Amino acid sequence: MTTRTPTQRRRFLRHFAMGGVAASAGSLLPLRAMAHGFEADDLQSDELRSLAHFPHRHKVSFEHGVASGDPLARKVIIWTRVTSERGGIVPVKWEMALDAAFRRVVRAGIALTDGRKDHTVKVDVSGLKPDTVYHYRFAVGHTASPAGRTRTLPVGSVAQVKLAVFTCSNFPAGYFHAYREAAKLEGIHAAVHLGDYIYEYGRDGYASTDAAALGREVLPAGELLTLDDYRQRYAQYHTDADLQAVHAAMPFINVWDDHEIANDTWKDGAENHDPATEGEFTVRRAAALQAFHEWLPIRTPDPRRPQQINRSFAFGNLLALHMLDTRVIARDQQMEYANYFGSDGSFDVQRFAADLADTDRQLLGAEQLLWLQDQLAASGATWQMLGQQVLMGRMNIPAPLVLGQISFSAYSALLYKAQTVPATLTPQEQFILAQPAIPYNLDAWDGYAMARETVLAMARGLNKNLVVLAGDTHNAWASDLEDYQGNAVGVEFAVASVSSPGLEEYFPTENPLAVAAGLEAIIGPLKYANTGDRGYMVVTATPGECRCDWRYVSTVKAEEYTTLAGKSLRTLPGAAQRRLMAV
């Protein structure tokens, strides 16, 4: 990007004022507004006055709503996108007020955008007060955006923090009713989105069977590969009224998972990327990450390293939220069960166990791990929360189920038979029941067992009350987190998807209630499962407990729906109480 001298900047602003591509503030902006992105000393009051009042010549609109994110005690990002019929550089006015009528404006300014950033606008507003609700909006000429509401983080002694948690919002899979419901909530400090905010597939790809009937076929029609592809997909998502509503209602704290790039992404590739036909993975990844940073209200920790998005948020003395990347920076390639079958069809348990126990397999990487250790050690908050993508809780399931050799209902019937009339078991049935339990999902922490042990040992050694948030699987889970010695370290709350199908699609003949009950019975650390409903979580922290309430919608396949209350679980602070319990 070209660097302008102070004299060049003044000429540039005069060009706006003389009719190049100028903004009109009308009555929106006070004259104390500053042009965001320029040094205050480089701007003269007459130039600002001209820039603020000259009418914009081209038709513009705000089709993609507004958003805010990455709140801190005295700062927050506000975001929008301008649709301009002529393109070029567009000055966009913004203001932030203490009231919805914008009578008490406390911050205002001008931001410049153009095609290099896909005409998105991102302003890091500073000088705010802690734990305060603000209203914000944008304008170009006499065209104003919708208004949004945001909130800064509290400081000092905090009685309660409430978070809405989302994952896996798949546009063609169904409606975003979960977003609509969450937008109605009161008292939310922030939304935490754990990734898969978009999906990269084309119209013939995953979860698109009903897309045409629902009027939700993706744009572009093909799979996302280029920067323009990713930008167009984000733009389509941001036309969704429910997504716009939840963004306008609360600040978001985002991380990516794999589908913001490609399915099952790891540091050097992805399951859904073929270099022979789709080019270099690094090129695709760079395009995906650029679009992510443009279209979401995230504060990029280091613009020179857009792949680094681990960052922390302090909610006073009550809660420290540490957002992690388990995809891009350091993840080693996923293990695959297919690689452990011999020519005779037997499964090589010993080689599989040895690879799983490899201490060199990375998920976070050394740099991020050291950063996390420093964050945990430095924080005196009651609750230490990890906002990250994949399940940390152990999900070991009998091998015949994982490998698809028997259905859930048949295995449950076999267990019942073994408990009631064991003498009637056939040799084949005895063989099935004798098979070991193995991880159901090698893309999760289960496939990086030693990396998980490192994090758990860190939290236990520092005597922290650990709460892990997870997404990715499209299903809801709650697990006790234990190390290999069985020590209680913390708990995990995992959220169902906004719209992506869960296990009910993979086991269409199974009753989801029976599947969930069977998994709870089979998996020791698992205390709750819902494998058939879409929704979100509300996580509430107080000095005395950290509680999760799962909330669901009856369908994502129709515009009409009802809300469903799910399970509520909690954990208490203190080394002796770091387990899940009923509310």
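In this report, we go over the structure that sits alongside the text. Bear in mind the structure is a predicted one, so any value in this text is a computation, not a measurement.

Conventions adopted
Residues numbered from 1 in each chain as written. Predicted model: local features only at pLDDT ≥ 70, side-chain atom pairs only at ≥ 80, totals over all residues. Heavy atoms only, no water. Helix = DSSP H or I, 4+ residues; strand = E, 2+ residues; numbered from the N terminus. Rg over C-alpha atoms; globule rule 2.2 N^0.38 Å. Buried < 20%, exposed > 50% of the residue type's maximum accessible area, 1.4 Å probe, protein only. Polar contact = N/O pair within 3.5 Å; in protein donor to acceptor, adjacent residues only side chain to side chain. Pairing = 2+ DSSP bridges. Axes fitted to C-alpha atoms, helices over the stretch in contact; angles between N-to-C directions. Contact = heavy atoms within 4.5 Å. Parallel < 35°, antiparallel > 145°, perpendicular 65-115°, else oblique. Left-handed = near helix turned anticlockwise from the far one by under 90°. Nonpolar A, V, L, I, M, F, W, Y, C, P; charged D, E, K, R; others polar. Core = buried A, V, L, I, M, F, W, Y, C linked by side-chain atoms within 4.5 Å. Phe/Tyr/Trp six-rings, centres within 6.5 Å; stacked < 30°, edge-to-face > 60°. Lys NZ or Arg CZ within 6 Å of the ring centre and 35° of its normal. Salt bridge = Lys/Arg side-chain N within 4 Å of Asp/Glu carboxyl O.

**Some remarks on the overall build of the protein chain**
In step 1: Along its length, the protein chain carries 16 helices and 29 strands.
In step 2: Computed over the C-alpha atoms, the radius of gyration of the protein chain is 25 Å, within 12% of the 25 Å expected from 2.2 N^0.38 for a compact globule of 583 residues.
In step 3: Along the three orthogonal principal directions, the C-alpha set of the protein chain runs to about 95 × 55 × 45 Å.
In step 4: Looking at the 583 residues of the protein chain, the share that counts as buried comes to 57%.

**A look at helix H6 (residues 241-249)**
In step 1: Turning to H6, its buried residues are Asp-242, Leu-243, Val-246, His-247, Ala-248 and Ala-249.
In step 2: One side-chain oxygen of the residue at the start of H6 lies 2.9 Å from the amide nitrogen of Asp-242, identifying that residue as Asp-240.

**Considering the sheet that holds strand S24 (residues 488-494)**
In step 1: Pairing in this open sheet of 7 strands is mixed, and the strands run S17-S18-S19-S22-S24-S23-S25 from one edge to the other. The open sheet has two edge strands, strand S17 (311-315) and strand S25 (526-530), and neither has a second partner. The mean angle between the axes of side-by-side strands here comes to 20°, regardless of whether they run parallel or antiparallel.
In step 2: Looking at chain direction, S17 and strand S18 (residues 319-323) are connected through 5 bridges and run antiparallel. Bridging from a neighbouring strand, Ser-312 pairs with His-322 of S18.
In step 3: In the packing of helix H10 (residues 366-378) onto the sheet, contacts are made with S17, S18 and strand S19 (383-387), and the angle to S18 comes to roughly 175°.

**Side note on the packing of H10 against helix H14 (residues 449-461)**
In step 1: Between H10 and H14, the least distance of the axes is 10 Å, while the angle of their chain directions is 20°. Relative to H14, H10 is oriented roughly parallel. Of the two elements, H10 crosses H14, and the hand of that crossing is right-handed. On the side of H10, the interface is formed by Leu-369, Leu-372, Gln-373 and Leu-376, while H14 contributes Thr-454, Val-455 and Met-458.

**Concerning the packing of helix H12 (residues 408-420) against helix H13 (residues 427-434)**
Geometry of a packed helix pair, given as the angle between the helix axes and the separation of the axes.
In step 1: As a packed pair, H12 and H13 sit with axes 11 Å apart at the nearest point and diverge in direction by 105°. As judged from the angle between their axes, H12 and H13 are roughly perpendicular. Contacts between H12 and H13 pair Tyr-411, Leu-414, Leu-415, Lys-417 and Ala-418 from the former with Glu-429, Ile-432 and Leu-433 from the latter.
In step 2: Here the residues of the contact of H12 with H13 sort into 6 nonpolar, no polar and 2 charged.

**Here's the deal with the pairing of S18**
In step 1: For S18, the tally of buried residues reaches 5 of 5 residues, placing the bulk of the element in the interior.
In step 2: Of the two faces of S18, both are covered, the one formed by Leu-319, Leu-321 and Met-323 as well as the one formed by Ala-320 and His-322.
In step 3: Hairpin connection, S17 to S18: the antiparallel pair is bridged by 3 residues, and Gly-316 has positive phi, about 60°.
In step 4: Both S18 and S19 contribute to a ladder of 5 bridges, which runs parallel. Within S19, the position partnered with Leu-319 by the bridge is Trp-383.

**Section: the side chain of Gln-236**
In step 1: By secondary structure assignment, the location of Gln-236 is in helix H5 (residues 227-237).
In step 2: You can call Gln-236 buried: its relative accessible area is 10%.
In step 3: Residues in contact with Gln-236, not counting those within four places in the same chain, are Phe-171, Glu-217, Val-218 and Leu-219.

**Section: the nonpolar core**
In step 1: Core analysis: the biggest nonpolar cluster contains 82 residues, and Phe-166, Met-385, Leu-469, Phe-493, Met-537 and Trp-550 have the highest contact counts within it.
In step 2: Here the element with the most residues in this core is helix H8 (residues 281-295); it accounts for 7 residues.

**Quick look at the packing of aromatic side chains**
What characterises a pair of aromatic rings is the spacing of the ring centres plus the angle enclosed by the ring planes.
In step 1: Overall, the coordinates contain 23 aromatic pairs when judged by the stated rule.
In step 2: Measuring from ring centre to ring centre gives 5.5 Å for Phe-347 and Phe-352, while their planes differ by 55°; the resulting arrangement is tilted.
In step 3: Taking 5.8 Å as the distance between ring centres and 80° as the angle between the ring planes, the aromatic pair formed by Phe-493 and Trp-550 counts as edge-to-face. With a gap of 57 residues between them, Phe-493 in strand S24 and Trp-550 in strand S27 (residues 545-553) connect regions that are remote in the sequence.
In step 4: Three or more aromatic residues joined by ring pairs form one cluster here, namely Phe-166, Phe-171, Phe-176, Tyr-179, Tyr-237, Phe-252 and Tyr-536.
In step 5: Sitting over the ring of Phe-102, Arg-137 keeps its end group 4.0 Å from the ring centre.
In step 6: Above the face of the Phe-171 ring, Arg-216 is positioned so that its terminal group lies 4.0 Å from the ring centre.

**Some thoughts on the pattern of salt bridges**
In step 1: Counted under the stated rule, the structure contains 32 salt bridges.
In step 2: A salt bridge links Asp-124 to Lys-75, with the shortest nitrogen-to-oxygen separation between them at 3.4 Å. Taken together, the positions of Asp-124 in strand S8 (residues 120-125) and Lys-75 in the loop between strand S3 (66-69) and strand S4 (76-81) put the pair 49 residues apart, joining distant regions of the chain.
In step 3: Residue Asp-124 is classed as partly exposed on the basis of its relative accessible area, which comes to 24%.
In step 4: Accessibility expressed as a relative area gives 30% for Lys-75, which makes it partly exposed.
In step 5: For Arg-394, the salt bridge goes to Glu-453, with nearest N and O atoms at 2.6 Å. Of this pair, Arg-394 sits in the loop between S19 and strand S20 (396-398) while Glu-453 sits in helix H14, and the two are 59 residues apart along the sequence.
In step 6: By relative accessible area, which is 15% here, Arg-394 ends up buried.
In step 7: Each of Asp-257, Asp-258, Arg-327, Arg-331, Asp-443 and Asp-472 takes part in salt bridges that share partners, so that together they form one network.

**Notes on the environment of His-259**
In step 1: Mapped onto the secondary structure, His-259 falls in the loop between strand S14 (252-254) and strand S15 (265-266).
In step 2: Residues His-259 and Val-121 lie 138 residues apart in sequence; the distance between their C-alpha atoms is 24 Å.
In step 3: Discounting chain neighbours no more than four positions away, the residues touching His-259 are Asp-196, Ile-198, Tyr-199, Glu-200 and Tyr-201.
In step 4: At 2.8 Å, the side chain of His-259 and the side chain of Glu-200 are in polar contact.

**So, the environment of Leu-564**
In step 1: Mapped onto the elements, Leu-564 comes out in strand S28 (residues 563-571).
In step 2: Overall, the relative accessible area of 33% leaves Leu-564 in the partly exposed class.
In step 3: Expressed as a C-alpha distance, the spacing of Leu-564 and Tyr-552, which sit 12 residues apart in the sequence, is 4.9 Å.
In step 4: With residues near it in sequence (within four places) discarded, Leu-564 still touches Asp-533, Arg-551, Tyr-552, Val-553 and Ser-554.

**Considering unusual backbone geometry**
Peptide bonds are trans in most cases, and residues, glycine excluded, mostly fall at negative phi.
In step 1: The amide bond that connects Leu-219 to the next residue, Pro-220, takes the cis arrangement and shows omega of -10°.
In step 2: Topologically, Pro-220 is positioned in the loop between helix H4 (211-214) and H5.
In step 3: The phi dihedral of Asp-472 is positive, around 75°, even though this residue is not glycine.
In step 4: Examined against the element boundaries, Asp-472 turns out to sit in the loop between strand S22 (465-470) and strand S23 (476-482).
In step 5: Even without being a glycine, His-474 presents a positive backbone phi close to 80°.
In step 6: If you trace the backbone, His-474 turns up in the loop between S22 and S23.

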